[in-house]
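# Tertiary structure, described
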Amino acid sequence: MIHHFENHDLVTEHGSQLVDVTGELFAAVERADVTNGMALVYSPHTTCAIVINEHESGFIDDFNELLSDLAPEADRYYRHDDMDIRTEGLDDDDLHPNGWSHARAGLLSSSSQSIPIVDRKLMLGRWQRVFFCELDRSRSRKVFIQVIGE
Amino acid sequence: MIHHFENHDLVTEHGSQLVDVTGELFAAVERADVTNGMALVYSPHTTCAIVINEHESGFIDDFNELLSDLAPEADRYYRHDDMDIRTEGLDDDDLHPNGWSHARAGLLSSSSQSIPIVDRKLMLGRWQRVFFCELDRSRSRKVFIQVIGE
Amino acid sequence: MIHHFENHDLVTEHGSQLVDVTGELFAAVERADVTNGMALVYSPHTTCAIVINEHESGFIDDFNELLSDLAPEADRYYRHDDMDIRTEGLDDDDLHPNGWSHARAGLLSSSSQSIPIVDRKLMLGRWQRVFFCELDRSRSRKVFIQVIGE
């Protein structure tokens, strides 16, 4: 079994940013040198998601607007925001109300996406791109790419 | 490591169709001849989803109604629909407004489902069936089934 | 290839309970004795989900409130509830209207979560915990933990 793992550090520029990591994914699969297997793209964060969809600016805005309608940042009370103020030992990054970010991450529940690799080819569809979704404000983030196969 | 991959072509009959692919999945697992491992059911499309739930017509209608309420086809503006008209090089299939389909696919964010295989048995629960969900109108589609194990 | 599989039986205490199974997951990964690979946490039920988020009571309440707003138990008609009364051969557990539970499970579409294992370490982020989500009322449940690797 071949195992290949990469961490990619990134800094998101603003809330609701969708960072296209498809290029990094293709490069990681090539480095993994796997004939058949699968790639796992994983977010180790609680206010992010990994999403596969089309890289088209209209969709990206539509998607964020839908999330804003369903779990708005303003005009909705989140109990989690009371916690942040009380809790000890947090990084500066965590010292802001982000109950809406957790709610959106919960709704999507997509900490990872798995994609097959067949005959050395990552089997993404023609229009599919893989996005790291920032559901909080600008922060330092990690995205893990793991390839398993033979 | 055993690797087994199948593509199944299908043509969805109408929008919001849930195509039960559980039979194809069981057959693929048997052909893979794997004792222990996992099956990955993957959609290579940006306006589809793979969903596990009960095969019961009431649920299927409830699910589509919920998606319609959250991301309606009519009476909501999608920026993505402006793009479709402008973009070059699309198949006929892509030349219609489907911002609502992308929004629903984004909300579900379920391009795939993974299911364990143990002692030659696909570990689906008693009521679980695997569905290919058409979130756009009737189109030609592919569903990938990959089995990895030993 | 190393394969390790565990079933954990549990009884949820009430609807909308999020059962933290992270401890069981870490113990299973240790028992699997895998250097590199992945863990799959899988629910074999149609009215449950596996979700990764922060273990903080405010978030848990926020998350359940959001699901209640989007797919309410009362004041919304679910066709699935007509079926339950008619169908034969069900356990007592299944003889109650739970269309709302199926709708929520469909919306989350998270029967499983995959997490990488690298150098014997389960790569959950600092705040990430893995939850078995009861989307129905109190019931007997199973959660599968599968580890594949080398």
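Report follows, based on the coordinates. No experiment lies behind these values; they were computed from the predicted model shown.

What follows is about the packing of aromatic side chains. Taken as a whole and judged by the stated rule, the model has nine aromatic pairs over all chains. With 6.2 Å between their ring centres and 15° between their planes, Tyr42 of chain C and Phe144 of chain C make a pair best called stacked. Here Tyr42 of chain C, found in strand 3 (residues 37-42), pairs with Phe144 of chain C, found in strand 8 (residues 140-149); they are 102 residues apart in sequence, far enough to count as distant. Taken together, the aromatic side chains of Phe5, Tyr42 and Phe144 of chain A make up a single cluster linked through ring pairs.

Next up on the list: the interface of chain B and chain C. At the junction of the two partners, chain B supplies 35 residues and chain C supplies 34 residues. At the boundary of chain B with chain C, total buried surface from both sides reaches about 2900 Å², with 57% on carbon and sulfur atoms. The three residues of chain B that bury the most area against chain C are Met38, Asp62 and Leu66 of chain B, which together make up 18% of that side's buried surface. Applying the counting criterion to the chain B and chain C interface returns four salt bridges. Here Glu65 of chain B and Arg76 of chain C are joined by a salt bridge, their closest N and O atoms 3.8 Å apart. For the pair chain B and chain C, the interface holds 13 residue pairs in polar contact (both at pLDDT 80 or more). If you list the elements that add at least two residues to the side of chain B that touches chain C, you get strand 3 (37-42), strand 4 (48-53), helix 2 (57-70), helix 4 (99-108) and strand 5 (112-118) of chain B. At nine residues, helix 2 of chain B tops the list of elements feeding residues into the side of chain B that touches chain C. Split into classes, the residues belonging to the side of chain B that touches chain C amount to 17 nonpolar, ten polar and eight charged.

This part is about the environment of Thr46 of chain B. Relative to the helices and strands, Thr46 of chain B resides in the loop between strand 3 and strand 4. The contact partners of Thr46 of chain B, leaving out residues within four places of it in the chain, are Asn53, Glu54, Trp127 and Gln128 of chain A together with His102 and Ala105 of chain B.

So, about the interface of chain B and chain A. Counting from both sides, the interface comprises 34 residues of chain B and, opposite them, 35 residues of chain A. By the criterion of area lost to chain A, the three top residues of chain B are Met1, Tyr42 and Arg79 of chain B, representing 20% of everything that side buries. There are four salt bridges connecting chain B and chain A. In this structure, Glu65 of chain A engages Arg79 of chain B in a salt bridge whose closest nitrogen and oxygen atoms are separated by 3.0 Å. At the junction of chain B with chain A, the criterion picks out 13 residue pairs in polar contact (both at pLDDT 80 or more).

So, on to the pattern of salt bridges. All names here are of chain B. As enumerated under the stated definition, the model contains 30 salt bridges over all chains in all. Note that Arg120 and Asp33 form a salt bridge whose closest N and O atoms lie 2.5 Å from each other. Placement of Arg120 in the loop between strand 5 and strand 6 (121-122) and of Asp33 in the loop between helix 1 (22-32) and strand 3 is noted, with a sequence separation of 87 residues between them. Residue Arg120 is classed as partly exposed on the basis of its relative accessible area of 48%. Assessed through its relative accessible area of 44%, Asp33 is described here as partly exposed.

The next thing to look at is helix 1 (residues 22-32) of chain A. Residue and element names in this part refer to chain A. What helix 1 keeps buried is the set Thr22, Leu25, Ala28, Val29 and Ala32. Buried residues of helix 1, seen end-on, are gathered within an arc of 120° and therefore sit on one face of the element. Looking one or two residues beyond helix 1, the residue adopting positive phi is Asp33, at roughly 55°.

Moving on, we come to the relation of the copies chain B and chain A. Of the transformation placing chain B onto chain A, the axial shift is 0.0 Å and the rotation is 120°, giving an RMSD of 0.0 Å. On this basis, the relationship between the two copies can be described by a three-fold rotation axis.

Applying the stated criterion across every chain, the model contains five cavities of 30 Å³ or more. The calculated volume of the largest cavity comes to roughly 210 Å³. Considering the residues around the largest cavity, the lining is formed by 19 residues, among which Ser112 and Gln113 of chain A, Ser112 of chain B together with Ser112 and Gln113 of chain C are closest to the centre. Mapped by element, the contributors of at least two residues to the lining of the largest cavity are strand 5 (112-118) of chain A, strand 5 of chain B together with strand 5 (112-118) of chain C. The space that makes up the second largest cavity amounts to roughly 60 Å³. Lining the second largest cavity, in full, are Met38 and Ile148 of chain A, Met38 and Ile148 of chain B together with Met38 and Ile148 of chain C. Here the residues of the lining of the second largest cavity sort into six nonpolar, no polar and no charged.

Counting through the fold element by element, Met38 of chain C comes out in strand 3. If we skip the residues at most four places from it in the chain, Met38 of chain C touches Met38, Leu40, Gln146 and Ile148 of chain A, Met38 of chain B together with Ile115, Pro116, Ile117, Gln146, Val147 and Ile148 of chain C.

This next bit is on the sheet that holds strand 6 (residues 121-122) of chain A. Residues and elements named next belong to chain A. Within the open sheet, the five strands sit side by side as 1-8-3-5-6. Their pairing is antiparallel. Of all strands in the sheet, those bounded by a partner on one side alone are strand 1 (2-11) and strand 6. In the sheet, strand 3 (residues 37-42) pairs with strand 8 (residues 140-149) via six bridges, with the strands oriented antiparallel. When the sheet's bridge partners are listed, Tyr42 is paired in strand 8 with Phe144.

Attention now moves to the pairing of strand 4 (residues 48-53) of chain A. All names here are of chain A. Burial runs high along strand 4: six of the six residues are buried. Because side chains alternate across strand 4, one face comprises the buried residues Cys48, Ile50 and Ile52, and the other comprises Ala49, Val51 and Asn53, equally buried. Direction of pairing for strand 4 relative to strand 7 (residues 129-134): antiparallel, over a ladder of six bridges. Residue pairing in the sheet places Val51 in a bridge with Phe131 of strand 7.

Two packed helices can be described by the angle between their axes and the distance between those axes. Where helix 2 (residues 57-70) of chain A meets helix 4 of chain B, the closest approach of the two axes is 9 Å, and the angle between their N-to-C directions is 60°. In terms of axis orientation, helix 2 of chain A runs oblique to helix 4 of chain B. The way helix 2 of chain A lies across helix 4 of chain B gives a crossing that is right-handed. Side by side, helix 2 of chain A and helix 4 of chain B meet where Phe59, Phe63, Leu66 and Leu70 of chain A of the first sit next to His102, Ala103, Gly106 and Leu107 of chain B of the second.

Parameters at a glance
- Residues numbered from 1 in each chain as written.
- Chains lettered and ligands numbered in written order.
- Predicted model: local features only at pLDDT ≥ 70, side-chain atom pairs only at ≥ 80, totals over all residues.
- Heavy atoms only, no water.
- Phe/Tyr/Trp six-rings, centres within 6.5 Å; stacked < 30°, edge-to-face > 60°.
- Helix = DSSP H or I, 4+ residues; strand = E, 2+ residues; numbered from the N terminus.
- Contact = heavy atoms within 4.5 Å.
- Buried area = accessible area lost by both parts, 1.4 Å probe.
- Salt bridge = Lys/Arg side-chain N within 4 Å of Asp/Glu carboxyl O.
- Polar contact = N/O pair within 3.5 Å; in protein donor to acceptor, adjacent residues only side chain to side chain.
- Nonpolar A, V, L, I, M, F, W, Y, C, P; charged D, E, K, R; others polar.
- Buried < 20%, exposed > 50% of the residue type's maximum accessible area, 1.4 Å probe, protein only.
- Arc of directions from axis to C-beta.
- Least-squares fit on C-alpha atoms with pLDDT ≥ 70 in both.
- 1 Å grid on protein atoms, 1.4 Å probe; cavity = no way out; pocket = protein on both sides within 12 Å on 5 of 7 lines; lining within 4 Å.
- Points joined across faces, edges and corners; volume = space filled by probe spheres on them.
- Pairing = 2+ DSSP bridges.
- Axes fitted to C-alpha atoms, helices over the stretch in contact; angles between N-to-C directions.
- Parallel < 35°, antiparallel > 145°, perpendicular 65-115°, else oblique.
- Left-handed = near helix turned anticlockwise from the far one by under 90°.

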